[in-house]
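Structural overview
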Amino acid sequence: MPFSDIQFIKFILKFFNDKYPQLSIDLISDIIEETLIGAPNLFFTREMVLDNPDFCLKCGFCCRELECSNFNGESCDDYENRSKVCRDYPFYEIGFDTGISLDVQCNFSIKLAEMVIDKRIKPYIDFDSYEI
Ligand code: SF4
Ligand code: SF4
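Residues numbered from 1 in each chain as written. Chains lettered and ligands numbered in written order. Predicted model: local features only at pLDDT ≥ 70, side-chain atom pairs only at ≥ 80, totals over all residues.

**Observations regarding the pairing of strand β1 (residues 91–94)**
- Across four bridges, the pairing between β1 and strand β2 (residues 97–100) is antiparallel. Within the sheet, the bridge partner assigned to I94 lies in β2 and is D97.
- Between β1 and the antiparallel strand that follows it, β2, lie two residues; G95 among them carries a positive phi value of about 60°. (Pairing = 2+ DSSP bridges. Helix = DSSP H or I, 4+ residues; strand = E, 2+ residues; numbered from the N terminus.)

**Considering helix α1 (residues 3–19)**
- When the terminal C-alpha atoms of α1 are compared, their 24 Å separation across 17 residues agrees well with the 24 Å that a helix rising 1.5 Å per residue should span.
- Turning to α1, its buried residues are F8, I9, I12 and F16. Along the axis of α1, the buried residues cluster in a sector spanning 95°; they form a single face. For α1, the exposed residues lying more than 90 degrees away from the buried face are F3, I6, K10, K14 and D18. (Expected span 1.5 Å × (residues − 1). Buried ≥ 20, exposed ≤ 12 C-beta atoms within 10 Å, placed from the backbone. Arc of directions from axis to C-beta.)

**What to know about the nonpolar core**
- Counting residues in hydrophobic clusters, the biggest one holds 21 residues, and the most contacted among them are I12, I32, A113 and I117.
- Of all the secondary structure elements, the ones that give two or more residues to this core are α1, α2 (25–38) and α6 (107–129).
- The biggest single contributor to this core is α6, with six residues.
- When residues no more than four places from it in sequence are discounted, the contact partners of A113 are I12, L36 and I100. (Core = buried A, V, L, I, M, F, W, Y, C linked by C-beta atoms within 7 Å. Contact = placed C-beta atoms within 7 Å.)

All quantities given are derived from atomic positions and should not be read as evidence of function.
Here it is, written out as structure tokens:
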């Protein structure tokens, strides 16, 4: 697993361990690993990117990393004509593989991951709150 993926997973794990201290770290860890590494194609869609533009801080990190000639240091010089890959980012589709780029410096990736994983963890919280 790339070091950047490990960094991302550690960040998300800490976030949910702090948020839901009543849940076991093993349960949280299993959900995170399955969502981000095991089967991201089941949980992330291109529509999520289109539906959540506010998650992007427009920090330019992704463009800077690519050393794209259209990046002027602050924004894209050809924003209207940017490629599908750029429009989709952080969602990716490579053949049948889909998911999100796990980059801890991308707020969009982090917020999408938190949103999806939170929905998956919530049923365990609700179940926990039932009094038997
Ligand atoms: S790195 Fe992420 S948050 Fe920053 S501009 Fe790119 S998509 Fe948006
Ligand atoms: S084309 Fe624009 S949005 Fe795409 S990587 Fe280059 S600067 Fe960024």
